[in-house]
Every structure is written in C-alpha cells, then in structure tokens.
Amino acid sequence: MSGSALPGRDDRAAALLHLVRQGVSTAGSMMRALVPAEDVVIVTWLEVARDDVPGARSEDGAADGSDVGVDDAPGQGPGRAALHRLACRHLLAAIAGTQPPGMAPGPDGTMACTAPLGGDTALLCPFDTDGGEIMGVVALRAPAAVRPADTGPLLEKMARAARLVGLHLGGVISKVELELDLIAARQQINRLERLNRTDPLTGLQNKTAFEAGYQARIGAAQDPLALIILDVDHFKSVNDLYGHQFGDSYLRTLSLALGFALPESAEIGRIGGDEFAILLDIPKRGAGYLEAVMKRCRTAILRATATLGKPDLGKVSMGAAIFPDHARDGTTLYELADSALYISKSDGRGAQTVFDPARHQAFNPRAIGRRFRQAAHDGLIRPYYQPIYDLRTGACHGVEMLARWGDADFGLMTPEQFPGIFLDHENAELLTHVLTARALSDLSDLRQRNPARPTLSINVTSFDLINPEFVFDLQALLSDNPGIDWDSIVIEVTETIMMGAPNGQIFRSLEELRRRGARVALDDFGTGYGGLRHLSGWPIDCIKIDRSFVNRMSESETDAAIVEALLTLAGRSGLTVVAEGVETEAQLQRLQAMGCRLVQGYLLSAPAPADRLDALIRPLDLGAFAAAGAPTLVRREG
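Residues numbered from 1 in each chain as written. Predicted model: local features only at pLDDT ≥ 70, side-chain atom pairs only at ≥ 80, totals over all residues. Heavy atoms only, no water.

Our focus in this paragraph is the overall build of the protein chain. Within the protein chain, the secondary structure is distributed over 20 helices and 19 strands. Within the span of the protein chain, comprising 638 residues, buried residues form 50% of the whole. The contacts in the protein chain between residues at least 6 apart in sequence include a share of 67% that link residues at least 24 apart. When the accessible surface of the protein chain is summed, it comes to about 29,100 Å², and 52% of that surface belongs to carbon and sulfur atoms. (Helix = DSSP H or I, 4+ residues; strand = E, 2+ residues; numbered from the N terminus. Buried < 20%, exposed > 50% of the residue type's maximum accessible area, 1.4 Å probe, protein only. Contact = heavy atoms within 4.5 Å. Areas by Shrake-Rupley, 256 points an atom, 1.4 Å probe, with all protein chains shown as cover.)

Now the structure itself:
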C-alpha cells in the first residue's frame, strides 16, 4: 500500500477513484443487509491519502472527506459527516497501529471499537487485504435501541461483515493502487523530463532542449523562420561588480522581459551563461518585421532592467538569420546568426544585425578559420610595429606588435576585420605564436645592426594565458633569438582578460611572466569594469590610457581630468603610463604639460612593417617643437 498522496487531477486517476466509489457503494449496501444500522460509512486508505480532494482534511489535520467515499444511500442523517470523520481518524490510527483517542476497544481486543456520536453510538472496524494490510474502515451508527453496553454482539457481527467487505473491495483497490502508482510514476518522469529541459535559473528552455526543438522545427518548416541570438553585453563585468546573486536576478529579469516582448509562438532558450536564442515565425520577406521584433526586445529589456537600480544594465547585442533565405538547415542558420551577433559586437555592442553575406566571411569563425590557417602557413600573417616615444628625450622606448593579414581578396586587414579568429582558441593561439615568432626574429635582427634597445609589446589573448604552456613556449621563442631577453618583453592584456579569479591560471601565468623578467601592461585602461581594483590586486607594471580619453581631452575637461588623475595615481603607485591614440598636436601638448612621459599614436607614427623598423626607432627631433611648445611633426605613414 502506498503512503504517498495520490495523483488527483489526472483523468485516468479520477476514473479509477470513481471505480472505487462504486465498489464502496456496493459494499455499503452489503453491510446494511448484514448488520442493523442507522447509517453506514466505508472509508478506504485511497480516500485519506488523496490530499488534493476538497474537504479531505479537517481543520485539525484529520481526514474529513465529506464528499469522497461517503455512501449516498437514502436516509442520510445530520451525524453522517461526523461518522465519516470518526472513520477517517480510526483508519489513520489503524494504519499507524495505535488506538484512536476517545474510542473504546472491542471486547476481543481487535481494532474494532466504539465511540460516542452525539446521542448515539458509533461502531468502527477496519478491514484488510489477504496479506493483513489495512485497506479501510467500516463505520456505522448503531440503532437507537442498542445501548452502548450491549454493542459487543453487534461488533462481532460487524467484524465478520468487514471481512466480506475486504474481500469485495480488495481486488478493486489492489488494481487501482497499481494503476495509480503507475500514474504517479509517469507524472514523476514527466516532471523530471521538464526539469531536464528547463534552465533552473530563468525557467526557459535549456541549451539541449532548445537545440533539439530548434532542429526539429527547422527540419519540418514550410514557412519562414528567424533565429535570433542575444548576448548580454558586459555580463561578466556586472557579475564582478555586483556579485553573482545580482547577476542571477539580472538574467531572470531579462528573460521575463523577453517573454513579454515576443509572440507566444516564439521558442526561447538560454544557451549559455549570458546568451539566449529565439526562434520565431516571420512573414515572407519579413526582414523589416524581424528588425521590429528585435527592437521591441531591446526596449522591453531596458525597461525591465531599469527597475534593478544599477547603471548601464539592459544593453544587449543581437544577431539574426532567416530560414530559408539565408540557410536551409539548422546548423548553418545558427552559424550565420552567430556571425551577425559578432558584427553587432564589433560595431560597439548594443546593436542588432540581420545576417549580411558581404560581412559574413570576416565574422564567422569556421569560415575564416580555414582561410586564416592557410594564410599563416603561407606567411601572410605578419607583425606591424607602432613606436612608443619618450617625450623627455625623444627616444623610442619600445614598439607594439600589431597583427596584419595580407589577403589577396581583402587586401591588408587589421584585427577589426577578422574578429572571428579571436573566438577560437586554436586560431587565437596560432595568431599569437606566428606574430611573436616573427617579431622576436625582427627585433633580434634589429639589435644586431642597431644599438637601440626598444622593448617589444606583445598583445595576448585569454586563450594564451589560460594555456599553462604559454610561458614555456615564449621561453623557447626567446631562446631561438639571440640578444632578446625577458626584460625586452612587455605583455599587454585588457581589463576583460583580468576579470577572472586572482588565483586562476591567467593570474598565475602573468605572475610567472613577471618573475622571469617580463613586464605586464594593462591595455585600454578605463574602458572596462573594475580597472582600479586590478591595479592593486594583479601583477601590473604599466597602464595604457585608452585612446578614447586622449581623443576627448580637447573637448572635455572631465576626460582631461581623468587622464591627469591617472597619471598622478600611476606615479604614486610606481606604475609606468603610456597615453595611446595621440592624433593631434594639441593632445600631445596637453599630455606633455601634464607630465606624461610615454606616448603612442598616429601623429607620431602609423604602424609599419619590419623593413621600416630602423626608421621607426629613430629619436624624435625635439628641436622641431614650436616656440609655443606644440610639436611640428609630420605623421609617418606605414
């Protein structure tokens, strides 16, 4: 006998319980024929276990069951509900093996007993299965002519009749028990399957469920569908600033906003930590409709997340592709939507993009990866160099290694034109390795013919620093190039790379690089979250003030004050500062007045290939400064 609450809202369960009630009604009629009684009530364990039946529990927690299992024979008296409550209490006590309070045991010591019922006497007797398992209780109100002291013979007769009731109901209840257990098992399986398909944080479909439904729907689709991939901008930074609990609340709020903004037929899934996917029906030639839906999503997210009380929330990047216009299978459609997403990110984030074949090649990791690996093999990936000058002496302090890809179709490409490479760890690490190997060779050759000793700044990715072998690979490259030591190397990292734990592999790699003699520069400083925290907690030697602050100094006193404050802070902290993006004489003059020592930018020199290194590292002619202090410099073209 199961002791769990029964499934009460399944149609089959209701039909089975109705079958039991019919059996109880027949058994009640049988009891009246065998035992004289004013009222007869038969209660089964199925009734008291069914917690979801209205009235099945009284205020004191005992089973009430005023509507289920009560025999509907004529002559129902006002004490019938009370008799039913007594029967339920007696059944629960019988199952527990205890004597119900206020009830007197029968003369034979069995569980049959009597109890007062208003001015009358109630007789109660359990009935069981062949195996001795309690199935229910028969309760009757003794005729008025029977005194309480004379109920013994009536109890004996009732006990014999109860055994017949047990035989009558046993087969029915056993069958119902089995089927109800199967129903409960099916419901549990369905619940577990729902949990397995659901993201526990947002309640949306998880990645596995969304992908399965997405592929099935694409495979059977006859009408246009659109796939939208949505990425929460700077979510990792939000987590870092406000904590994971707030981050979870942020994602829940965002997912609810999506549900309100999208049509009911849309499928929504959380497919990554901060990434969502949406599949929706669109009309033919529905690019305009798709743009409107994406805009509606953006607006809904901004409104919903504004209630969280934190700045700069609700910014998302979206990419979309249309079936069958752009692709006829799910895998390719996803790839194209993902490419569109990265076009949005490259446009400054917070944008929405529908797939454009003209821009697809550069942003699709798979498509561009094959071309890139061939280019690396053919020697078409090479470093360009941009000098960093010391304004006190005019000397070239160092050069920054920048990636260039010479392509037959697209010409000389900068990293902004092939961002897909940085999304794949193998391609990203290959890029760093190829560029560093050539740059160290170029620098070694330079030092053999030129007494100047500029440092080499190497931009690395998170994939490089996560690799425990990166430091050893760099050591091997240094060993292959005479005249280049660790103290000639500056490792440039962005604030985004430093968002990990201070005891993680990235942190350990940076510490090991510094221990060997390399210096670490924090690039694009001021554009990410938590930059000041990184100055105290991470192994940093230098900060490079982002070009956006330098560019706005002439128009914004706030930006000028930020630059000056950073110079002061760095000086007191023993950090070196490089001002990036110097493009006008006014900017250079302002930086010099602030005491900025190291500068870099197109005003001084554009990036140039290795054959221009000798010219790049020649000192600036400080005598060329005008009387007012503004330099009369000509931008060097690369």
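There's plenty left to go through after this.
On to the nonpolar core, then. Membership of the largest hydrophobic core comes to 76 residues, with the highest contact counts inside it found for Leu 456, Val 493, Leu 510 and Leu 513. No other element matches helix H12 (residues 425-449), which puts seven residues into this core. (Core = buried A, V, L, I, M, F, W, Y, C linked by side-chain atoms within 4.5 Å.)

Assignment of secondary structure puts Thr 353 in strand S10 (residues 352-354). In this structure the side chain of Thr 353 is engaged in a polar contact, spanning 2.7 Å, whose partner is the side chain of Ser 344. Every residue in contact with Thr 353, bar those within four places of it in the chain, is listed here: Met 294, Met 318, Gly 319, Ala 320, Ala 340, Ile 343 and Ser 344. (Polar contact = N/O pair within 3.5 Å; in protein donor to acceptor, adjacent residues only side chain to side chain.)

What follows concerns the pairing of strand S12 (residues 396-407). The buried fraction of S12 is high, at 11 of 12 residues. Of the pairings in the sheet, the one linking strand S11 (residues 381-390) to S12 comprises nine bridges and is antiparallel in character. Directly across from Pro 387, in S12, lies its bridge partner Val 399. Taking the residues between adjacent antiparallel strands as the criterion, S11 and S12 are bridged by five residues, where Gly 394 takes a positive phi near 85°. (Pairing = 2+ DSSP bridges.)

Moving on: the sheet that holds S10. Pairing within the open sheet is mixed, and its five strands lie in the order S7-S8-S6-S9-S10. Across the chains shown, the open sheet's two edge strands, defined by having one partner strand only, are strand S7 (267-270) and S10. When the angles between neighbouring strand axes are averaged without regard to direction, this sheet yields 15°. Note: strand S6 (residues 225-232) against strand S9 (residues 316-323), eight bridges, orientation antiparallel. By the bridge assignment, Asp 231 is partnered in S9 with Ser 317. Against the sheet, helix H9 (residues 330-346) contacts S6, strand S8 (275-281), S9 and S10, and its axis sits at roughly 145° relative to S9. (Axes fitted to C-alpha atoms, helices over the stretch in contact; angles between N-to-C directions.)

Moving on, we get to a nonpolar patch on the surface. On the surface, a nonpolar cluster with roughly 280 Å² of combined accessible area is contributed by Leu 34, Leu 164 and Leu 167. Examined against the element boundaries, Leu 164 turns out to sit in helix H4 (residues 152-197). (Patch = residues over 30% accessible without salt bridge, like charges linked within 9 Å, V, L, I, M, F, W, Y side chains within 5 Å. Salt bridge = Lys/Arg side-chain N within 4 Å of Asp/Glu carboxyl O.)

This paragraph deals with helix H18 (residues 557-573). The first and last C-alpha atoms of H18 sit 24 Å apart over 17 residues, in line with the 24 Å expected at 1.5 Å per residue. Considered for burial, the residues of H18 that qualify are Asp 559, Ala 560, Val 563, Leu 566, Leu 567 and Ala 570. Projected onto a plane normal to the axis of H18, the buried residues spread over an arc of 125° and lie on a single side. Within H18, the exposed residues directed more than 90 degrees away from the buried face are Glu 557, Thr 558 and Arg 572. The N-terminus of H18 is capped by Ser 556, whose side-chain oxygen sits 3.3 Å from the backbone nitrogen of Thr 558. (Expected span 1.5 Å × (residues − 1). Arc of directions from axis to C-beta.)

Now for the packing of aromatic side chains. Under the defined criterion, the tally for this structure stands at seven aromatic pairs. Relative to Trp 538, the ring of Phe 507 has its centre 5.0 Å away and its plane inclined at 70°; by these criteria the two rings are edge-to-face. With a gap of 31 residues between them, Phe 507 in helix H15 (residues 505-516) and Trp 538 in the loop between helix H16 (531-537) and strand S17 (542-545) connect regions that are remote in the sequence. When sorted by exposure, Phe 507 lands in the same class as Trp 538, which is buried. One aromatic cluster in this structure is built from Phe 372, Trp 405, Phe 418 and Phe 422. The ring of Phe 246 is capped by Lys 310, whose NZ or CZ atom sits 5.9 Å from the centre of that ring. The ring of Phe 549 carries the charged tip of Arg 552 above its face, separated from the ring centre by 5.7 Å. (Phe/Tyr/Trp six-rings, centres within 6.5 Å; stacked < 30°, edge-to-face > 60°. Lys NZ or Arg CZ within 6 Å of the ring centre and 35° of its normal.)

Moving on to the pattern of salt bridges. For the structure shown, the criterion picks out 21 salt bridges. Here Arg 392 makes a salt bridge to Asp 390, at a shortest N to O gap of 3.7 Å. Residue Arg 392 is classed as exposed on the basis of its relative accessible area of 60%. Relative accessible area serves as the criterion here: at 5%, Asp 390 is assigned to the buried category. With its nearest N and O atoms 2.9 Å apart, the salt bridge here joins Arg 597 to Asp 390. With Arg 597 in the loop between helix H19 (585-594) and strand S19 (598-599) and Asp 390 in strand S11, this residue pair connects regions lying 207 residues apart in the sequence. Salt bridges sharing partners connect three or more residues here, namely Asp 39, Arg 80, Asp 120 and Arg 141.

Two quantities define a packed helix pair, namely the angle between the axes and the distance from one axis to the other. Following both chains from N to C, one finds H12 and helix H14 (residues 470-479) inclined at 30°, their axes separated by 10 Å at the closest point. The orientation of H12 with respect to H14, classified from their angle, is roughly parallel. By crossing handedness, the relation of H12 to H14 is classed as right-handed. Seen from H12, the contacting residues are Thr 432, His 433, Thr 436, Ala 437 and Leu 440; seen from H14, they are Phe 470, Leu 474, Leu 477 and Leu 478. (Parallel < 35°, antiparallel > 145°, perpendicular 65-115°, else oblique. Left-handed = near helix turned anticlockwise from the far one by under 90°.)

Quick look at the pairing of strand S3 (residues 113-117) now. Most of S3 sits inside the fold, with four of its five residues counted as buried. Where S3 lies against strand S4 (residues 120-128), five bridges are found, and the strand directions are antiparallel. Within S4, the residue paired with Pro 116 across the bridge is Thr 121. Hairpin geometry of S3 and S4 is characterised by an intervening segment of two residues between the two adjacent antiparallel strands and by a positive phi of about 65° at Gly 118.

Turning our attention to the confidence of the model for the protein chain. Per-residue pLDDT for the protein chain has a mean of 83; in total, 84% of the residues score no lower than 70. A low-confidence stretch, residues 1-9 (pLDDT under 50), is modelled with 25 contacts involving residues beyond four sequence positions or located in other chains. Predicted confidence for residues 51-77 stays below pLDDT 50, and this span has 56 contacts to residues more than four positions away or in other chains. (pLDDT = per-residue confidence, 0-100.)

Quick look at the side chain of Asp 559 now. Inspection of the secondary structure puts Asp 559 in helix H18. A distance of 3.1 Å separates polar atoms of two side chains, one belonging to Asp 559 and the other to Arg 552. Of note is the side chain of Asp 559, whose polar atom sits 2.9 Å from the side chain of Ser 556. Ignoring any residue separated from it by four or fewer positions in sequence, one finds Asp 559 in contact with Phe 549, Arg 552 and Met 553.

On to unusual backbone geometry. The amide bond that connects Phe 323 to the next residue, Pro 324, takes the cis arrangement and shows omega of 0°. By secondary structure assignment, the location of Pro 324 is in the loop between S9 and H9. One non-glycine residue, His 234, lies in positive phi territory at about 55°. Its place among the elements puts His 234 in the loop between S6 and helix H6 (235-242). Classification of His 234 by relative accessible area gives partly exposed; the value is 36%. For Asp 312, which is not glycine, the phi torsion reads 60° and is therefore positive. Mapped onto the secondary structure, Asp 312 falls in the loop between helix H8 (287-306) and S9.

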